[in-house]
Amino acid sequence: MKKDFKKNLIFHIFLLPLSIPFLIFLLYPIIRGLFISFYSTRLGELDKRSYIGFDNFWRLFYDPMFWSTIRTTLSYAFFTVMVTLIVSMAIALLMRAEFKGVTIFRALITIPWAIPSVAAILIWYWILDAQFGVLNYFLNLVGFSSRTWLNAPETALFTVIMVSVWKTFPFVAITFLAGLQGIPVILYEAANIDGASFLQKFIYITIPSMKKVILAMSILITMWALRRFEIIWLLTQGGPDRTTETLSISVYQNAFRSFQMGYASAIGITGIIISFAIIFAYFFVLRKVE
Amino acid sequence: MKLNYLKQQITALISIAVILFPMYWMLNTSLQVERNLFRAVPSFIPIPIQLTAYKRLLNGPSFIWLANTAFVAIVTSILTILASIFPSYALSRIKVRIKKPYLFLILFTQMVPPALLIIPLFVLFRRYGLLNSLWGLVMLNSTFSLPIGIWVLKDFFDTVPSEIDQAAIIDGCSTVQVIWKVYIPLSASAIVAVGTLAFFVAWNEFLFASVMLFDQSKWVSSVGLASFIGFLSTPLDEVLAGALIFSLPAVVFFLLIQRNMQTGITAGALKS
């Protein structure tokens, strides 16, 4: 009993470098946010608030814009995760190959991860420019017409997803590569003797051996996608016609553009609960897989 | 077999060309004469090369922003390393009941949208005079890179055989000495990986910096460059020259550290 107490004490002392900043910069703001969400209040006048109970949440519930924000968040997250997984897997397979120059390929292909988001967005903004952008120029060459990528409701979300994938895939590809390198070569050799095709080997050896890594990465990039802010904000600010307004953007818009702190916090809290539910679902699957 | 290699090489070349094209375009645009930028047929090679965009940057505040960014990133990286060692050890090696909730809490931090925290943090920072201070930003960045740091380092500590602990303790080492003399040297690559991850988090960070810093002289590069978006006040070549200079240190650092990153991160990540 006494020994347990000592162990617990040491454990908590060791954890102080984590728990102190967490309490101050994470838990306190979350609790404060929860608190604010029950009030009607404005930025800069947080002292002049009035308690309104669940009104902010009711307003949310009956606001069609909120439901469309949730739809946008979910489709943004879903497609970002799917495309990232596919691209990363393809690149990782290529990174594992043994052609001449593969080391240089491995080093170069992951560079987008190191490019700071703001710099990446400045360059994409210019590439995607409707009038002088080089993307439209290339498309014109092969017979497609120019598009206003970021300013048209039909293409904005797609464009934001593509830029997000470009920025996130390297990290996933590096992890996939390590996973691929951990698969015993014997499995492939045996399959070669049986005359299996590349696709068969991929489906029957690679995917099953990588199941856990793929799921773990899916969880991670889903969490990133659900909370992503600056890529979307700097590219579109949630527009056009709020077609790229995800929960994160919506919180920021309501807090710092319409100055409705209480309402913004209510959106944020709901967002956390939704993320929670999604991540729990993943863990449920992960457990089943194991 | 030969043909197979060739096919792979061609695929690799094409994917490099597509994925790295934005970087080339950034360089190309920053070196172009301005009248070449807005043409129906874009100019793919900067002839003549002109460096005036970079000269103009030198006279602007860009380098102060870059110095601020470097300060924030380096201090964040050091703090994150220091702060992640003891918690990682505790979570990996001390057997207590309460461990699970802590591990879950660390995961939970990855789900909270930072946009939600901004409002209360702003109020908190205002009260304690941390607004407009690079140290305030360092504290936030360190806090938010800690979970990833601990995640990586704990996974690495898990791979250290625990017999080493017992042997060292029998030799009369205290737990702190065990960490200092055994765990830290053994996990050098993971520690460097943690520092690098934190460095990139801080170098990249935009949201907190844009809300917390308001004097131009205190801005970091991400905020400064974001103020160029819209292309109205600053010429395009200068904007992209700025973006390039902002990216360059990160890319060089990344290429230098890449191999170590792969061993450092993946050793643990794969196991968990």
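What you see is a predicted model; the values in this text were computed from it and never measured. (Residues numbered from 1 in each chain as written. Chains lettered and ligands numbered in written order. Predicted model: local features only at pLDDT ≥ 70, side-chain atom pairs only at ≥ 80, totals over all residues. Heavy atoms only, no water.)

**With respect to the packing of helix 4 (residues 64–96) of chain A against helix 10 (residues 198–227) of chain A**
Residue and element names in this part refer to chain A. Applicable threshold: Throughout, an axis means a line fitted to C-alpha atoms (over the contacting stretch in the case of helices), and angles, computed between N-to-C directions, take values from 0 to 180 degrees. In this text, helices come from DSSP runs of H or I with a minimum length of four residues, and strands from runs of E with a minimum of two, each type numbered from the N-terminal end. With respect to orientation, any angle under 35 degrees is reported as roughly parallel, any angle over 145 as roughly antiparallel, any angle of 65 to 115 as roughly perpendicular, and every other angle as oblique. Left-handed is the label given to a crossing in which the near helix is rotated counterclockwise from the far helix by less than a right angle, and right-handed is the label when the rotation is clockwise. Residue contacts are counted whenever heavy atoms from the two residues lie within 4.5 Å of one another. Residue polarity follows a fixed list, in which Ala, Val, Leu, Ile, Met, Phe, Trp, Tyr, Cys and Pro are nonpolar, Asp, Glu, Lys and Arg are charged, and the others, Gly among them, are polar.
Helix 10 packs onto helix 4 with a crossing angle of 140 degrees between their chain directions and a minimal axis gap of 9 Å. Considered as vectors, helix 4 and helix 10 are oriented oblique to each other. The way helix 4 lies across helix 10 gives a crossing that is right-handed. Of the residues in helix 10, those in contact with Thr73, Tyr76, Ala77, Val81, Thr84, Leu85, Met89 and Leu93 of helix 4 are Phe198, Phe202, Met210, Ile214, Ser218, Ile221, Thr222, Ala225 and Leu226. When its residues are assigned to classes, the contact of helix 4 with helix 10 shows 13 nonpolar, four polar and no charged.

**A few points about helix 6 (residues 117–127) of chain A**
Stated precisely, the cut-off is as follows: Exposure is judged per residue with a 1.4 Å probe applied to protein chains only, and the accessible area is read against the type maximum: over 50% gives exposed, under 20% gives buried, and values in between give partly exposed.
In terms of residue burial, helix 6 of chain A counts as a mostly covered element, since ten of its eleven residues are buried. Every buried residue of helix 6 of chain A is accounted for by Ser117, Val118, Ala119, Ala120, Ile121, Leu122, Ile123, Trp124, Trp126 and Ile127 of chain A.

**What about a positive patch on the surface?**
Condition: A patch is a set of surface residues, each over 30% in relative accessible area and not in a salt bridge, joined within 9 Å for like charges and within 5 Å for the nonpolar side chains Val, Leu, Ile, Met, Phe, Trp and Tyr. Only the protein chains shown count as covering a residue, and every accessible area follows the Shrake-Rupley method with a 1.4 Å probe. We define a salt bridge as a side-chain nitrogen of Lys or Arg found within 4 Å of a carboxyl oxygen belonging to Asp or Glu. Charged-residue counts in this description rest on Lys and Arg as positive and Asp and Glu as negative, His and the chain ends being excluded. A charged residue contributes its charge at one atom only: NZ of Lys, CZ of Arg, CG of Asp or CD of Glu.
Taken together, the side chains of Lys3, Lys6 and Lys7 of chain A together with Lys95 of chain B present a region of like positive charge at the surface. The exposed category is assigned to Lys6 of chain A, whose relative accessible area is 54%.

**A closer look at the interface of chain A and chain B**
You'll often see interface size given as the accessible area lost when the parts meet. Stated precisely, the cut-off is as follows: Accessible area that two parts lose when put together, evaluated with a 1.4 Å probe and summed over both, is termed the buried area. Here a polar contact means two N or O atoms within 3.5 Å. Within protein one must be a hydrogen donor candidate and the other an acceptor candidate, and residues neighboring in sequence count only if both atoms are side-chain atoms.
Of the residues lining the interface, 88 residues belong to chain A; the matching set on chain B comes to 96 residues. Between chain A and chain B, roughly 8500 Å² of surface is buried when both sides are summed, and carbon and sulfur atoms account for 83% of that area. Between the two partners, chain A and chain B, sit zero salt bridges. On inspection of chain A and its partner chain B, the count reaches five residue pairs in polar contact (both at pLDDT 80 or more).

**Here's the deal with helix 4 of chain A**
Note the following rule: To estimate the expected span of a helix, subtract one from its residue number and multiply by 1.5 Å.
With 33 residues, helix 4 of chain A extends 48 Å between its outermost C-alpha atoms, agreeing within 8% with the 48 Å of an ideal straight helix rising 1.5 Å per residue. Capping the start of helix 4 of chain A is the job of one residue whose side-chain oxygen sits 2.9 Å from the backbone nitrogen of Met65 of chain A: Asp63 of chain A.

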